[in-house]
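Chain and residue survey
Here is what each chain is made of, one letter per residue.
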Amino acid sequence: MIWQASIYLWLLLIIPLLVGASWWYNKKLENKRENFFGAELFERLRKGFWPRGRRIRMISLYIGIALLIIAAAGPKIGTEVREVKRQGVDLLIGLDLSDSMNAEDVKPSRLEKAKYEISRLVDRLNGDRVGLVVFTGEAYLQAPMTLDYSALRLFLNIAETDQMPSSSTNFSAAMGTAAEAFKSTDEEGQNVQAAKVFLIISDGENHGESFDEELNQLLEQNVSVYTLGIGTTAGGTIPLYDDSGSLMGYKRDQQGEVITTKLESSVLRSIADKANGDYYEIRSGGSGIDSFLGRLDELQQGEFSSQEYADFKNQYQWLTAIGLLFVFVGMMFPEFKVYESGKVVE
């Protein structure tokens, strides 16, 4: 047997306190009566009093209170088998790791802000499968579809711009990798009729070729593509840091001019419009990710897993019912016997 809230068991100490207080009060009352009434006169005034009835009444009250306290502690005895179902959507997140994501027009940087918002999104998922694609000019499946959100956070935390061989941005690579990931999930027999969602988080700069073919592949697989722009239209420079974290300067183009990178929302809006999705933005706040999460809740849910587990069975219901019965008896049980025609009715 285990307890849901064993701290309530300390309230059982109230019972001996109540017994002691009741005995002290009755003793004090008896001493006062002896000062005003003789024993014979008092018995005549209290004609029909039933001492056993009073004892039954008090004992019932004490037992009832004790059982209610034990019930409040939540005793669990025996086991019961429960089935837990995990339902949600298939969500694949595409995170841009190009150098422009190091710009600090969104604090602390576009990339760190994006990772923070993704982590906040994962914290609010409930039963959805989620995976992570990282991309620049090339794309990689950083984390396959999983219900293990802790593993997803681990892969997210180690995502950095310097892990990629290219510093440019190519949306077609990200979409192609996403299409392969969703296809692989279907081939593994995990197609559970859940909505498929690909969320692209980027500043919108695209240096690759046309992505129409890869986008059509996603549409053929019934994947909805949502885009989340991060950055500002005013833009910002791309800082360069050494291994110790000291600022060395800012990234420059081939002519030696400092590069200013801006949020290119038009490309991201175009992707969302063509793929049955929506476009959102992240700036200083997190309204974009919150709006996306609200949209996610409206999509078709699929059942990803069903697990059975044994748990201790709550037994407080019976104790509560029996405790209330004893309290009722304690309150209603008579202390006086009924008289009819001068005779006591037993």
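One can find the structure itself at the top, above this paragraph.
So, a few notes on the structure that sits alongside this text.

How each quantity is defined
- Residues numbered from 1 in each chain as written.
- Predicted model: local features only at pLDDT ≥ 70, side-chain atom pairs only at ≥ 80, totals over all residues.
- Heavy atoms only, no water.
- Helix = DSSP H or I, 4+ residues; strand = E, 2+ residues; numbered from the N terminus.
- Contact = heavy atoms within 4.5 Å.
- Buried < 20%, exposed > 50% of the residue type's maximum accessible area, 1.4 Å probe, protein only.
- Axes fitted to C-alpha atoms, helices over the stretch in contact; angles between N-to-C directions.
- Parallel < 35°, antiparallel > 145°, perpendicular 65-115°, else oblique.
- Nonpolar A, V, L, I, M, F, W, Y, C, P; charged D, E, K, R; others polar.
- Phe/Tyr/Trp six-rings, centres within 6.5 Å; stacked < 30°, edge-to-face > 60°.

By the secondary structure assignment, V258 is in the loop between strand 10 (247-250) and strand 11 (260-261). If we skip the residues at most four places from it in the chain, V258 touches T237, Y250, K251 and R252.

Take unusual backbone geometry next. Both trends apply: most residues other than glycine have a negative phi, and most peptide bonds are in trans. Of note, the amide linkage connecting K107 to P108 takes the cis form, showing an omega dihedral of -5°. In this model, N222 sits at a positive phi of 60°, which is unusual for a non-glycine residue. Overall, the relative accessible area of 63% leaves N222 in the exposed class.

Here we come to the packing of helix 4 (residues 110-123) against helix 5 (residues 149-157). Following both chains from N to C, one finds helix 4 and helix 5 inclined at 180°, their axes separated by 11 Å at the closest point. With respect to their mutual orientation, helix 4 and helix 5 come out roughly antiparallel. When helix 4 is examined against helix 5, the residues K115, I118, S119, V122 and D123 are found in contact with a partner set consisting of Y149, L152, R153, L156 and N157. Looking at side-chain class alone, the contact of helix 4 with helix 5 contains 5 nonpolar, 2 polar and 3 charged residues.

Quick look at the packing of aromatic side chains now. Throughout the structure, instances matching the rule amount to 4 aromatic pairs. Taking the centre distance of 5.9 Å and the plane angle of 50° together, the rings of F135 and F171 count as tilted. With F135 in strand 4 (residues 129-135) and F171 in helix 6 (residues 171-187), this pair connects stretches of sequence that are 36 residues apart. Each member of the pair F135 and F171 is classed as buried.

Honestly, it's all geometry; don't read function into it.
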